[in-house]
Amino acid sequence: MSRYLVTGGAGFIGSHLVDRLLAQGDRVRVLDDFSTGKTANLGEDRKGLETVQACVTSEPDIAAAVVGIDGIFHLAALPSVARSVVAPLETHHINATGGLNILNQARKSGVKVVFAGSSSAYGDQEAEYKSEELREDPLSPYAASKLAGELYCRSFARVYDLPVVVTRFFNVYGPRQVPDSPYSGVIAAFCLAMLRGEAPRIDGDGRQSRDFTYVEDVTRAMTMAMKKSFAGPVTMNIACGESHDLLEMLSILKDYSGSSREPEYATARTGDVRHSLADMALAEKMLDFKAEVSFREGLERTYDWYKREYS
Ligand code: UD1
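Residues numbered from 1 in each chain as written. Predicted model: local features only at pLDDT ≥ 70, side-chain atom pairs only at ≥ 80, totals over all residues. Heavy atoms only, no water.

A.B. asks: Looking at this model, I keep getting lost on the packing of aromatic side chains. Mind explaining?
C.D. replies: For any pair of aromatic rings, the description rests on two quantities: the centre-to-centre distance and the angle between the ring planes. For the structure on display, the rule yields eleven aromatic pairs. Seen from their ring centres, Tyr-256 and Tyr-303 are 5.9 Å apart, and the 85 degrees between their planes marks the pair as edge-to-face. Here Tyr-256, found in helix H8 (residues 246–257), pairs with Tyr-303, found in helix H10 (residues 295–310); they are 47 residues apart in sequence, far enough to count as distant. Residue Tyr-256 is classed as partly exposed on the basis of its relative accessible area of 35%. Residue Tyr-303 is classed as buried on the basis of its relative accessible area, which comes to 6%. Geometrically, the ring pair formed by Trp-305 and Tyr-306 is edge-to-face, given 4.9 Å between the ring centres and 80 degrees between the ring planes. For Trp-305, a relative accessible area of 16% puts it in the buried group. (Phe/Tyr/Trp six-rings, centres within 6.5 Å; stacked < 30°, edge-to-face > 60°. Helix = DSSP H or I, 4+ residues; strand = E, 2+ residues; numbered from the N terminus. Buried < 20%, exposed > 50% of the residue type's maximum accessible area, 1.4 Å probe, protein only.)

A.B. asks: How should I be thinking about the packing of helix H1 (residues 12–23) against helix H7 (residues 215–227) in this particular structure?
C.D. replies: Angle between the axes and distance between the axes are the two parameters that describe a pair of packed helices. In contact at an axis separation of 9 Å, H1 and H7 are set at 60 degrees when each is read in the N-to-C sense. The angle between the axes of H1 and H7 places the two elements in the oblique class. The hand of the H1/H7 crossing is right-handed. Listed contacts from H7 to Phe-12, Ile-13, His-16, Leu-17, Arg-20 and Leu-21 of H1 are Val-215, Glu-216, Val-218, Thr-219, Arg-220, Met-222 and Thr-223. (Axes fitted to C-alpha atoms, helices over the stretch in contact; angles between N-to-C directions. Parallel < 35°, antiparallel > 145°, perpendicular 65-115°, else oblique. Left-handed = near helix turned anticlockwise from the far one by under 90°. Contact = heavy atoms within 4.5 Å.)

A.B. asks: I'm lost on the site of the ligand in this one. Help?
C.D. replies: Near the ligand you find 22 residues, and of these Val-186, Arg-201, Asp-203, Arg-210 and Asp-272 are the closest. Measuring from an oxygen atom of the ligand, one finds a side-chain N or O atom of Arg-210 at 2.6 Å. Here an oxygen atom of the ligand and a side-chain polar atom of Asp-272 are 2.7 Å apart. Protein contact buries 91% of the 750 Å² of open area that the ligand shows by itself. At the level of elements, helix H6 (186–195) and strand S8 (201–203) are the ones that each hand at least two residues to the shell around the ligand. Split by residue class, the shell around the ligand holds nine nonpolar, eight polar and five charged. A domain-level breakdown of the shell around the ligand finds at least three residues from each of domain 1 (3–172 + 215–241 + 278–292) and domain 2 (186–208 + 243–277 + 296–310). (Near = heavy atom within 4 Å. Polar contact = N/O pair within 3.5 Å; in protein donor to acceptor, adjacent residues only side chain to side chain. Areas by Shrake-Rupley, 256 points an atom, 1.4 Å probe, with all protein chains shown as cover. Nonpolar A, V, L, I, M, F, W, Y, C, P; charged D, E, K, R; others polar. Domains from an automatic or database assignment.)

Nothing here speaks to function; it is geometry throughout.
Laid out in structure tokens, this is it:
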């Protein structure tokens, strides 16, 4: 049994990670400011779960939260490329400064960190498969803020010998992703639009593609990364390893839900990446990780969840 701190533990990915850790018998301290996270994601009175309401940028709160902890999963962040274009300073404050604060407290207590990085670090490069060896080329302020956190991870591993693994996520989706914010991820937004009988909105031509990754594959990879020891800093892609464009995703969802609503088209977003597909060789080699949930299966599970919760 280990005791972990999960920052952003009441959020979409964080709460799935909490479920996994509790199910394997670990103890969990969640730190969340509940700005986008929800208490409902955590359930009630769960054995082994403790919750602290605080922001990742607060030094005293993080110092207190790491006491007695064996490892930190750092997931707290202000997501969304689009929001970061509107609010770059706020995005930097939470993602970059917050990340640095976590690393700083981790090195003081010598606690390993698994740090949630983002595929946005690769930007819009030509290479079809985004390999960790590529030079990063962040496009949006969101991408820059997440990459800043990654760079601090590398620095802290070298300067303080801090054990740290950056898991670079590629468009994670699944139950509990907020569907009704202007900054919602596309699969969550499309599921909700269909359930409400509204037209899904496609920004651009719909031919932009993503390596959509089901949330439970992501949390499994994170726990594997925590358990394994590495020499020096490690950054690895965590993804499904498949490319799907928005039109294809929409057609699977329409098929499954029986919706006949045609999409509306809007102009492509500033800072948007055209194609994003992971090279998964490193995670396969270092963690023996392979995604297990197929795209169709993940979409069906996700749609079913929104149907239960929102109709
Ligand atoms: C980016 C990152 C991802 C990160 C996420 C955090 C890349 C390639 N991916 O996701 O790793 O987790 O930020 O927020 O940088 N769209 C629509 N209609 C909608 C919503 C979105 O057409 O209603 C479009 C967007 O313009 C975009 C695509 O769908 O082209 C995906 O958007 P979104 O789900 O917001 O994620 P990314 O910005 O790709």
